[in-house]
Amino acid sequence: ANQLEIRNLHARIESGEEILKGVNLVVPKGEIHAVMGPNGSGKSTLAKIVAGDPSYEVTAGEILVDGQSVMEMEADERARHGLFLAFQYPVEVPGVTNANFLRLALQAKLGQDVSVMEFYGKLQKALQILEWDESILTRYLNDGFSGGEKKRNEILQLMVLEPTYAILDETDSGLDIDALKVVSKGVNAMRGPGFGAVLITHYQRLLNYITPDVVHVMVEGKIVTSGGPELALKLEEQGYEWVKGLAVAAG
Ligand code: ADP
Ligand code: MG
Ligand code: MG
């Protein structure tokens, strides 16, 4: 099975409150899917759990990468199995340059050394597509990066690490149009038979630049409906009230 599969995923937070209530999602390799939904529906929680965030308790379900369960794997092991996870607010790591971090991350993912030449080759290509200059490489990781720079840097990481599957959680607030375009260029450059992605977004506008193969709508911890790109346009026009009704109908 060449796909990322999330099967009946249930998860709760420390208080015992259930946030994910049976998420089912299949993303075949080669496809880009969007997950949309109202604020608080559990989209970011889903991304974090796939990343292996230990602060959530998974009470049922599975996450399978090409048929193999990653449930018992730590975050770094999941990365070695081809998963890439970027976050709305990546951590700042003072003292580690961006280039060093990227090379270490690539070596960790591949489980072997990467020559400086090979590494810089990949970097150059990615920087060109992102219209970014090399000065970003010697800066400390995320230290003083603007929101747009962090976002662009996530996409740089994506392009250098070349994962099989990526979950990209877009912030609901304040990505300017330039940042959106950069995200889109990077994701569109990655598009191909060996890459699958989930784009999490509250707004339709990102999907003007990246045409998803499938759009899923998450409400109250479940995917309540799925469709083509036209579903995103319908949500943009009509809002989320009608899908909340679907959640009620689904129980
Ligand atoms: P979305 O990304 O769709 O806006 P989230 O996954 O961020 O939704 O949040 C879903 C719900 O779970 C929200 O009500 C949020 O407050 C709650 N939640 C998520 N993570 C935590 C946490 N670590 N502690 C407490 N509540 C949380
Ligand atoms: Mg939110
Ligand atoms: Mg969110």
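Residues numbered from 1 in each chain as written. Chains lettered and ligands numbered in written order. Predicted model: local features only at pLDDT ≥ 70, side-chain atom pairs only at ≥ 80, totals over all residues. Heavy atoms only, no water.

What surrounds ligand 1 is the set Ile13, Ile19, Pro38, Asn39, Gly40, Ser41, Gly42, Lys43, Ser44, Thr45 and Tyr56. The contact in question runs from an oxygen atom of ligand 1 to an N or O atom on the backbone of glycine 40, over 2.7 Å. In the model, an oxygen atom of ligand 1 is placed 2.5 Å from a nitrogen or oxygen of the threonine 45 side chain. Here ligand 1 has 560 Å² of accessible area as a free molecule, and 60% of this is covered by the chains. The element best represented in the shell around ligand 1 is helix 1 (residues 43-51), accounting for three residues. (Near = heavy atom within 4 Å. Polar contact = N/O pair within 3.5 Å; in protein donor to acceptor, adjacent residues only side chain to side chain. Areas by Shrake-Rupley, 256 points an atom, 1.4 Å probe, with all protein chains shown as cover. Helix = DSSP H or I, 4+ residues; strand = E, 2+ residues; numbered from the N terminus.)

Now for the packing of aromatic side chains. In this structure the tally under the stated criterion is one aromatic pair. With a centroid separation of 5.5 Å and 80° between ring planes, the pair formed by phenylalanine 119 and tyrosine 120 is classed as edge-to-face. Classification of phenylalanine 119 by relative accessible area gives buried; the value is 1%. Residue placement shows lysine 234 over the ring face of tryptophan 242; its charged tip is 4.0 Å from the ring centre. (Phe/Tyr/Trp six-rings, centres within 6.5 Å; stacked < 30°, edge-to-face > 60°. Buried < 20%, exposed > 50% of the residue type's maximum accessible area, 1.4 Å probe, protein only. Lys NZ or Arg CZ within 6 Å of the ring centre and 35° of its normal.)

Okay, helix 1 next. With seven of nine residues buried, helix 1 lies mostly within the body of the structure. Looking at helix 1, one finds that the buried residues are Lys43, Thr45, Leu46, Ala47, Ile49, Val50 and Ala51.

On to unusual backbone geometry, then. Despite not being glycine, glutamate 131 shows a phi value in the positive range, around 50°. Here glutamate 131 shows up in the loop between helix 4 (116-129) and strand 8 (140-141). In the Ramachandran plot, glutamate 162 falls in the positive-phi region, its phi being about 45° despite a non-glycine side chain. Among the secondary structure elements, glutamate 162 is positioned in the loop between helix 5 (147-161) and strand 9 (165-169). The partly exposed category is assigned to glutamate 162, whose relative accessible area is 41%.

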